[in-house]
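# An overview of the molecular structure
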Amino acid sequence: MSDTARTWHFNRRPDGDIASDTLALRAAPLPTPGEGQCVVRTIYLSLDATNRVWLSDWDIYMDPIRLGDPMRGFLLGEVTASRHPAYEPGQLVCCLGPWSDRFVIDGEALQPFPDASGLPLADAFAILMIAGPTAYVGMFDIGRIEAGDTVVVTAAAGAVGSLAGQIAKLKGCRVIGVAGSDEKCRWLTDDFGFDAAINYRTEDLVPALREKAPDGIDVHFENVGGEVLDAGLTCMNDYGRVVICGLISTYNSRDPVPGPYMFRNVIMRRLTIRGFVILDYADRYPEFHAALLEWMRAGSLRYRLDMVEGLEAAADALRLLYTGGNRGKLMVRIGAEPAQ
Ligand code: NDP
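Nothing here was measured: the structure is a model prediction, and the numbers come from that model. (Residues numbered from 1 in each chain as written. Predicted model: local features only at pLDDT ≥ 70, side-chain atom pairs only at ≥ 80, totals over all residues. Heavy atoms only, no water.)

### Here we look at the environment of N237
Inspection of the secondary structure puts N237 in strand β12 (residues 236-244). In this structure, the C-alpha to C-alpha distance between N237 and V332, residues 95 residues apart in sequence, is 41 Å. Setting aside anything within four residues of it in sequence, one finds N237 in contact with D215, G216, I217, D218, R269 and L271. A polar side-chain atom of N237 sits 3.0 Å from a polar atom in the side chain of D218. (Helix = DSSP H or I, 4+ residues; strand = E, 2+ residues; numbered from the N terminus. Contact = heavy atoms within 4.5 Å. Polar contact = N/O pair within 3.5 Å; in protein donor to acceptor, adjacent residues only side chain to side chain.)

So this is what it looks like as structure tokens:
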């Protein structure tokens, strides 16, 4: 195998949307691993909406990526060489690592990938790494869903949203999804089992929510922000919970984002609004994985993967998340899965 690795680097800070020169793909010799380090061959890279946030100069929940640094993402890979006692060649691992086909990393930054036998590896990575745990924490811990609740999910046809809605259905809630096309709305009701769907591009959101949720909203699971969040706040019930999982409509904003204008409903409806970051829940991943794997194996969770081929396609593919161009969990196949 060649001792050169190809890696995407943060090349120029975007002013608004991610541009063609925001990231740059460079080749460099793979360093020799030191004591405690491993060499990892990347198999899958997860593309996540928050990747854009890491490229901003905002004060965020973790260190932003500095100009010139490797772009970072959630990865599944195979250890090909190890100088760390916990890892050996052939082992499947996941981590927050560089957008690279091969890299050297401290063993302490790796996690063994859970045993997902019986499931396709790509599906297991897509659901278990970020989207599934996020949907789980957002619905149970933050939204505190109860059977009979009316739950609204935005960006509902996406990776997190589609799982969040299905988890609420499994708990016995009535679930309404908001998505950006009639086709995605059909996925919600026909494939993912949502009770109703609203196309925010063609429907007036507040009347549509009042029609689809005539008794009001108990839990609003927000992935979008802006006008979509405002519409949800307008229709909340007393003591409702507003889960701020993501605000994707604002991540490319150059200017401060106004609103929400219906903030007064936090008092009028005695709401709880709470944001969360899934990285804070790392110690509970075994619990999330056990639940998600059980649902996946039982066929109780449906999901769509949007698989992009090749490391070189990663930077362009990331932009799909902010236009609605992705059709399911967006990820990149960078290397082959290990032979069984
Ligand atoms: P998705 O698979 O949901 O893809 C993003 C979707 O967002 C797009 O397909 C599009 O769907 C929708 N969207 C994009 N821009 C807009 C816009 N301007 N207005 C309305 N909808 C828009 O991505 P993820 O599942 O990775 O992420 C979903 C959300 O979850 C993000 O906000 C992300 O930040 C958040 N998240 C939060 C985590 C946490 O720890 N809190 C962890 C992981 C994700 P459509 O076609 O329907 O418009």
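### Looking at the nonpolar core
Counting 95 residues, the largest nonpolar core has W99, M139, V151 and V153 as the members making the most contacts within it. Looking at which element gives the most residues to this core, the answer is helix α2 (residues 121-142), with 15 residues. Taken domain by domain, this core gets at least three of its residues from each of domain 1 (4-113 + 304-333) and domain 2 (135-279). Beyond its immediate stretch of four places on either side in the chain, V151 contacts M139, I145, A168, C173, R174, V175, I176 and V219. The next biggest cluster of nonpolar side chains, apart from the first, holds 21 residues, and it includes I176, A213, I217 and L271. (Core = buried A, V, L, I, M, F, W, Y, C linked by side-chain atoms within 4.5 Å. Buried < 20%, exposed > 50% of the residue type's maximum accessible area, 1.4 Å probe, protein only. Domains from an automatic or database assignment.)

### Digging into the pairing of strand β14 (residues 305-309)
Only one face of β14 is buried, namely the one carrying D306 and V308, since none of L305, M307 and E309 on the opposite face is buried. For β14 and strand β15 (residues 329-333), the ladder comprises five bridges, and the chain directions are parallel. Within β15, the position partnered with L305 by the bridge is K329. (Pairing = 2+ DSSP bridges.)

### What about the pattern of salt bridges?
Scanning the entire structure with this criterion turns up 19 salt bridges. Across the pair R12 and D21 runs a salt bridge whose closest N-O atoms are separated by 2.8 Å. Put simply, R333 and E309 hold a salt bridge, and the shortest N to O gap is 2.9 Å. Note that R333 is positioned in strand β15 and E309 in strand β14, a separation of 24 residues in sequence. On the basis of relative accessibility, which here comes to 30%, the residue R333 falls in the partly exposed class. The network of salt bridges with common partners includes R6, D101 and E312. (Salt bridge = Lys/Arg side-chain N within 4 Å of Asp/Glu carboxyl O.)

### Notes on unusual backbone geometry
Each neighbour pair has its own omega, and for G259 with P260 the value is 0°, a cis peptide bond. Checked against the element boundaries, P260 lands in the loop between β12 and α7 (265-268). In this model, A155 sits at a positive phi of 45°, which is unusual for a non-glycine residue. If you trace the backbone, A155 turns up in the loop between β8 (150-154) and α3 (159-170). By relative accessible area, A155 is classed as partly exposed at 32%. Its identity as a non-glycine residue notwithstanding, R270 has a phi of 50°, on the positive side.

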